[in-house]
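Results of the structural survey
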Amino acid sequence: MERTAGILLPVTSLPSKYGIGCFSKSAYDFVDWLKAAGQTFWQILPLGPTSYGDSPYQSFSTFAGNPYFISLESLIEEGTLTEEECEEADFGCKANDINYEKLYKNRYPLLRKAYERSKISENPAYLRFVEENQWWLSDYALFMAVKDRFEGVPWTQWAEDIRLRWGPAMDYYRRELYFEIEFQQYMQFKFYEQWNKLKAYANEKGIRLIGDIPIYVAMDSADTWAHPELFQLDESHTPSAVAGCPPDGFSADGQLWGNPLYRWEYHKNTGYEWWISRLAYCFRLYDVVRIDHFRGFDEYYSIPYGAESAKEGHWEKGPGIDLFRHVEQRLGWHEVIAEDLGYVTDSVRQLVLESGFPGMKVLEFAFDSRDTGSANDYLPHNYTENCVAYTGTHDNETIAGWFQSITKKERKMARDYLCDQATPERLLHQPFIALIMRSNAKSCIIPIQDYMGCDNTCRINKPSTVGTNWRWRVTEEELSEELQKKIYDMTVRYGRMNWD
């Protein structure tokens, strides 16, 4: 078995001159850095355009890309923007933080200038892109243009004629908003042009991209607006139930996500056509696809629409292995990581086993003194080959922050398991990483913050909170040769080196 390793770093968290990580030179430099560190994988978070709260798991489209990722440096090189224009824009002054409010106010006007100077309608590559992607791009571009016309409010609050997609209203807005629609299509063209170039560069260097897709789409999305038949909506397109998670040891009220639930019987009757289209698209974008909340395909948690908390929900049966058999029959075998975290039942374990996909193991879950039964699944000596091991994910504390936050009893459990009572706490991230790197897991993916020994001020996301998430960025100075060598040495030591 080939043993591999990789690093988890969202694109947003890359160093950048203009306020947020993107497909600029820093992304290419990071690929080179990964290669020199002996890594095989770069795992990112979803790339879709984000809405309120800036979460990549709540996107305006499951197919579109986030315009924030378009490299302004590349547009300067093309001549559609000037360096002076980009330097004058205020994106915030902190190299390690993202100011989304300033990005929203100041990045789109620059992209609009670039569009207006681009003569994009004369570009054969653009025309080909629009034609090949019309099946999702047409609805998305119209959705975003109309959303801007209605000052950004959710589509459920639009005028009835366009909310319900009546023919005359669709024709009217397509005529009325022609250039706004073309601007949206231009941004998608530049996004995918730059992403494909970056992915090709990474693959040439032997670095493979792990993409991440949410199981659900946002209620306020082009997908839900354009295809209400796919979801549990009534005739007025109001949800009958929404998604979330039940109460557990981490959240007394559970999690109320609010995403519309799928009408699985409808999907089955179509041969899962929408899901096959979605996954086929993802398999072109990424080398490996991580599917978030995989257990929702076995059973999904249904919360009545309008409920105040997730306590009022109940479990419903999902499509199970039938969906993935249809996908494999149509698309062949592709590499998928099943995010099977949380409360895992025997039926979920069976679904992951039948799918053949590797599940996930998170070290931070291994020392929970409240639940030693499930914690045993996350102890590294129990890892099977067919899994991907993590110290933590984007939703977890950093490994250093986690060790500070757990109980004295749990710290002793972890120290005893490490057979290490001597390493200073500020350096404990190193033996914790080594612990999973020497496990049987086929692949190990480590958040860059854990290699750096960062505390929770560098955490990516704290579930069920808004306002401070998805903001952290690494600086160029922190991606040092010294850190690179430490990662390289550990990767060689545990037989996970990328020798390509």
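Coordinates for the structure precede this section.
Residues numbered from 1 in each chain as written. Predicted model: local features only at pLDDT ≥ 70, side-chain atom pairs only at ≥ 80, totals over all residues. Heavy atoms only, no water.

Glancing now at the sheet that holds strand β4 (residues 241–245). If you walk across this open sheet you meet the 4 strands as β5-β4-β7-β8, and the pairing is antiparallel. Every interior strand has two partners, whereas the edge strands, β5 (255–260) and β8 (314–317), have only one. Each neighbouring strand pair of the sheet contributes to a mean axis angle of 50 degrees, computed without reference to strand direction. Looking at chain direction, strand β7 (residues 299–304) and β8 are connected through 4 bridges and run antiparallel. Bridging from a neighbouring strand, E299 pairs with K317 of β8. (Pairing = 2+ DSSP bridges. Helix = DSSP H or I, 4+ residues; strand = E, 2+ residues; numbered from the N terminus. Axes fitted to C-alpha atoms, helices over the stretch in contact; angles between N-to-C directions.)

Both faces of strand β6 (residues 288–291) are covered, namely the face carrying V288 and R290 and the face carrying V289 and I291. Pairing analysis gives 4 bridges linking strand β3 (residues 208–213) to β6, with the strands arranged parallel. Across the sheet, the residue bridging to I210 is V288, located in β6. With 3 bridges connecting them, β6 and strand β9 (residues 336–338) associate as parallel partners. Looking at β9, one finds that V289 is bridged to V336. (Buried < 20%, exposed > 50% of the residue type's maximum accessible area, 1.4 Å probe, protein only.)

Right, let's get into the nonpolar core. Among the nonpolar cores identified, the biggest contains 161 residues, and W42, W195, W275, F297 and F432 are the most heavily contacted of them. Per-element tally for this core: the top contributor is helix α9 (residues 178–204), with 10 residues. The next biggest cluster of nonpolar side chains, apart from the first, holds 5 residues, and it includes V242, Y301, I303 and A310. (Core = buried A, V, L, I, M, F, W, Y, C linked by side-chain atoms within 4.5 Å.)

The topology assignment puts H293 in the loop between β6 and β7. Given the relative accessible area of 9%, H293 is considered buried. Once you skip the residues sitting within four places of it in the chain, H293 turns out to touch I215, Y216, C245, W257 and E339. (Contact = heavy atoms within 4.5 Å.)

Each α-helix winds once per 3.6 residues, and so residues spaced three or four apart point in a common direction. Within helix α18 (residues 429–437), 8 of the 9 residues are buried, which leaves the element mostly enclosed by the surrounding structure. Of all the residues in α18, the buried ones are H429, P431, F432, I433, A434, L435, I436 and M437.

What follows deals with the sheet that holds β9. Reading across the sheet, the 8 strands line up as β9-β6-β3-β2-β1-β12-β11-β10 and stay open at both edges, with parallel pairing between neighbours. Sheet topology places β9 and β10 (359–362) at the edges, where each strand pairs with a single neighbour. Strand after strand, the sheet turns through a mean of 25 degrees between neighbouring axes, direction not considered.

Attention now moves to the pattern of salt bridges. Considering all chains together, one arrives at 30 salt bridges under this definition. Put simply, K102 and D90 hold a salt bridge, and the shortest N to O gap is 3.2 Å. Highlighted residues: K102 in helix α4 (residues 100–118) and D90 in the loop between α3 (83–88) and α4, separated in sequence by 12 residues. The shortest N-O distance in the salt bridge between E193 and K190 comes to 2.6 Å. Separated by 3 residues within a single helix, E193 and K190 lie in helix α9, roughly one turn from each other. Using a relative accessible area of 34% as the deciding quantity, one classes E193 as partly exposed. Linked through salt bridges whose partners overlap, the residues forming this network are K17, E83 and E87. (Salt bridge = Lys/Arg side-chain N within 4 Å of Asp/Glu carboxyl O.)

Along the polypeptide, A27 turns up in helix α1 (residues 25–36). Residue classification places A27 among the buried positions, given a relative accessible area of 0%. Along the primary structure A27 and V11 are separated by 16 residues, whereas in three dimensions their C-alpha atoms are 7.8 Å apart. The residues touching A27, leaving out its near neighbours within four places in the chain, are L14, C22, W42 and L198.

Okay, the packing of aromatic side chains next. A complete count under the given rule lists 58 aromatic pairs for this structure. Relative to W195, the ring of F23 has its centre 5.6 Å away and its plane inclined at 50 degrees; by these criteria the two rings are tilted. On the criterion of sequence distance, the pair formed by F23 in the loop between β1 (4–8) and α1 and W195 in helix α9 is long-range, its members being 172 residues apart. In this pair, the class of F23 matches that of W195, namely buried. Their ring planes at 45 degrees and their centres at 5.5 Å tell us that Y115 and F183 sit as a pair that is tilted. Taken together, the residues span a long stretch of sequence, with Y115 in helix α4 and F183 in helix α9 at a distance of 68 residues. F183 sits in the buried class, given a relative accessible area of 7%. The side chain of R295 reaches across the aromatic face of W315, ending 4.1 Å from its centre. (Phe/Tyr/Trp six-rings, centres within 6.5 Å; stacked < 30°, edge-to-face > 60°. Lys NZ or Arg CZ within 6 Å of the ring centre and 35° of its normal.)

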